[in-house]
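A closer look at the structure
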Amino acid sequence: MSVQYTPVIWNRNKIFYDAVLLIAVALYLYIYIRVAPGYEDVTKPIDGAILRMRAFGSCAFLMLTIILCIGPLARLDRRFLPLLYNRRHFGVMTAGIAAVHANYVLTWYFNFSPVDRYVALLSSNTSYGQILGFPFEALGIAALLILFVLAATSHDFWLSFLGAPIWKALHMFIYAAYVCVVLHVALGALQGAGDPIFTSIVAACVVLVSGLHFATGRMEARRDRGEETAKASLQEKGWLVAGEIDEIDDDCAKVVTLSDDERVAIFKYEGKLSAITNACAHQNGPLGEGKVLWGCITCPWHGYQYNLTDGRAPAPFTEKISTYRLKLIGSTILLDPNALPPGTHVDPVIIGEAA
Amino acid sequence: MTWRQTKDAPFYVGYLNAVPKQLVAFLVVFSVSFAGGLGIAALALSSTQNDPGDGGFQWGNRFENAGIMELRPYPVLRVPADGETPARTYMLAGQGKRGAFNQAETHENGSVTLRGVPVKRGDLTMIQVGRVEALEEGVAGFTPADPVPLGRWKLTGEICDGKCYAGAMRPGQGLAHKACADLCLTGGIPPVFVSSGPVENRNFFLMADKDGNLLGDEINSLLALYVELEGDVERLDDLMVFKVDLATARVLK
């Protein structure tokens, strides 16, 4: 969290994250370009430019695959949440690696010609009407443009400037980029002479990304069904039964699903209960999977914090989120499903003072 | 470990430098696996790449020969027999993705001394033209032979640009190379048909249309694909010429 915009607010965890990333990428490129050619069964070496083009291209594809796996992995298992924390650096680096790949393509396949290389890139193959022979370069260009836009708008300035819903929607285009990249590979490199290892790795990546998203979707649906405790109460008209006090650990929350796009997090802390929206104002992170630290709700994604009673970020921060009214009857928690305006103070329910 | 945050489960906050102890071991194992996995993937992907063949520039074996420049319909140099070496016909290309039409048109049917660099793959040789000088006295006693018709053939294979396929690029064929091949042919590099079956023990053919004229954009949609083509084959010294009837073209895969 920061109240002013600086290019990167470094901390030890970010440095460690980026260091691991840089080491892994450097290792990949070094082995691909320097070590593995010694084990190739070739009559004459592959052109250096083509080798580097393939190295950077395949590296970007694998990086994008891993980036898309981080989200669902963190949903399935909390231990992967640290990978989410600095994912934008991963994305920016991927855009950079993809740009190097594109530059090798441009300065090799589209060079040495009287035609301008950018004109050649767009005009040399225009067989858009056929699948085999389709100008797969266009798909790569589309993916690269998306990656550039996402990298350029990855900073919190853009998140604040565009607002979380638009920013989030914009960054969902990462999936469009991945589809373009998969088609770029499938209609290009995969159409060469049979290479079972390359084909297997690409197929495994696509299955992994799809499978993890499918599994996460099922888990979320199951959770929503399990959390549909918010049924009309017979005792109090207009209030919903949200659950029992015993279901919530101290300093933790229970998430109640009101509708597809509205969830409420009910926190138990210091013998009290407070309810706020489940969506963090930063990137819609699941606050109900966070924890109370230093008297504030703390988002599990990037650590954004909010006061429990009014949903406001502690000064000097200015973010605020919706709050909800609660009532306790015996050990049963009742929830008023009408969200209050962001930042509205609501007195917490004191456990032990039930009606 | 599940998605749910419980009282005792570790809670990671990125900007707090202290990582919960329970997570440290997991993150170290993940980091090592991540870097190691990428390394193994690099080794697997790079070491199993397909052989691009033995083609390449013959920088240490510069070409210098006297002969007659012809357009058949692409620029070729007809070189007379020399001792036990029979007469030869070399396809010509310019620097980069350029053809040698300017030189060939200037010296069409004329005797020249041509210097250049051979690009050679097996028995396919393309000469990258350097300097061409007219020979006013001509090549003594040399009259190029007429083409020898070898009949009508149906061949399967790939249309490539003759220079990249010969080894100017390794690899220089396949769909990943299609746009480059397209650019080369537009620039005037002779198209070559690489056949999966031989005709008189030769698997590559200089291409022309069915009337022996230059091919145009009509081959673009067939370029770099596995296709079946029908046409007349003729032999020009040691060079095969495939006059394709594009109306018979069929994409096989």
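Here the residue index of a chain counts from 1 through its sequence in written order. The order in which chains are written sets their letters, starting at A; the order in which ligands are written sets their numbers, starting at 1. Totals for whole chains, interfaces and linings use every residue, but because this is a predicted model, local features are given only for residues with pLDDT of at least 70 and side-chain atom pairs only at 80 or more, for both listing and counting.

Observations concerning the domain arrangement of chain A
Residues and elements named next belong to chain A. Condition: For every domain, the bounds stem from an assignment made automatically or drawn from a database. Residues are defined as contacting one another if the C-beta atoms placed from their backbone atoms lie within 7 Å. Helix numbers and strand numbers start at the N terminus; a helix is a DSSP run of H or I with at least 4 residues, a strand a run of E with at least 2.
Domain annotation of chain A identifies domain 1 (12-223) and domain 2 (231-350). The distance between the C-alpha centroids of domain 1 and domain 2 comes to 38 Å. Each partner contributes to the interface: domain 1 provides five residues, whereas domain 2 provides seven residues. Residue assignment for the side of domain 1 that touches domain 2 shows that the elements contributing at least two residues are helix H3 (81-85) and helix H8 (164-171). Per-element accounting of the side of domain 1 that touches domain 2 gives the leading share, three residues, to H3.

So, the packing of helix H1 (residues 12-35) of chain A against helix H1 (residues 21-47) of chain B
Stated precisely, the cut-off is as follows: Note on method: axes are straight lines fitted to C-alpha atoms, helices fitted across the in-contact stretch only, with angles between N-to-C directions ranging 0 to 180 degrees. An angle counts as roughly parallel when it lies under 35 degrees, as roughly antiparallel when it exceeds 145, as roughly perpendicular when it falls between 65 and 115, and as oblique in every other case. The sense of a crossing depends on the near helix, which, turned anticlockwise from the far helix by less than a right angle, makes the crossing left-handed and, turned clockwise, makes it right-handed. Classes in brief: Ala, Val, Leu, Ile, Met, Phe, Trp, Tyr, Cys and Pro nonpolar; Asp, Glu, Lys and Arg charged; the others, Gly included, polar.
Between H1 of chain A and H1 of chain B, whose axes approach to 8 Å, the crossing angle comes to 20°. Put simply, H1 of chain A runs roughly parallel to H1 of chain B. Viewed along their axes, H1 of chain A and H1 of chain B form a crossing whose handedness is right-handed. Touching Val 20, Ile 23, Ala 24, Leu 27, Tyr 28, Ile 31, Tyr 32 and Val 35 of chain A of H1 of chain A are Ser 31, Phe 34, Ala 35, Leu 38, Gly 39, Ala 42, Leu 43, Leu 45 and Ser 46 of chain B, all from H1 of chain B. Residue composition of the contact of H1 of chain A with H1 of chain B, by class: 14 nonpolar, three polar and no charged.

Focus on the sheet that holds strand S8 (residues 305-307) of chain A
Residue and element names in this part refer to chain A. Let me state the cut-off plainly: Here a strand pair is declared whenever DSSP counts at least two bridges between the two strands.
Read across the open sheet, the three strands follow the order S6-S7-S8; overall the sheet is antiparallel. At either end of the open sheet lies a strand with only one pairing partner, and these are strand S6 (291-293) and S8. The mean angle between the axes of side-by-side strands here comes to 40°, regardless of whether they run parallel or antiparallel. Of the pairings in the sheet, the one linking S6 to strand S7 (residues 296-298) comprises three bridges and is antiparallel in character. Each bridged residue has a counterpart across the sheet, and for Val 292 the counterpart in S7 is Ile 297.

A word on the interface of chain B and chain A
Chain B puts 57 residues into the contact, and the matching count from chain A is 67 residues. Elements supplying a minimum of two residues to the side of chain B that touches chain A: H1 and helix H4 (178-187) of chain B. In terms of residue count, the dominant contributor to the side of chain B that touches chain A is H1 of chain B (15 residues). The class makeup of the residues in the side of chain B that touches chain A is 30 nonpolar, 19 polar and eight charged.

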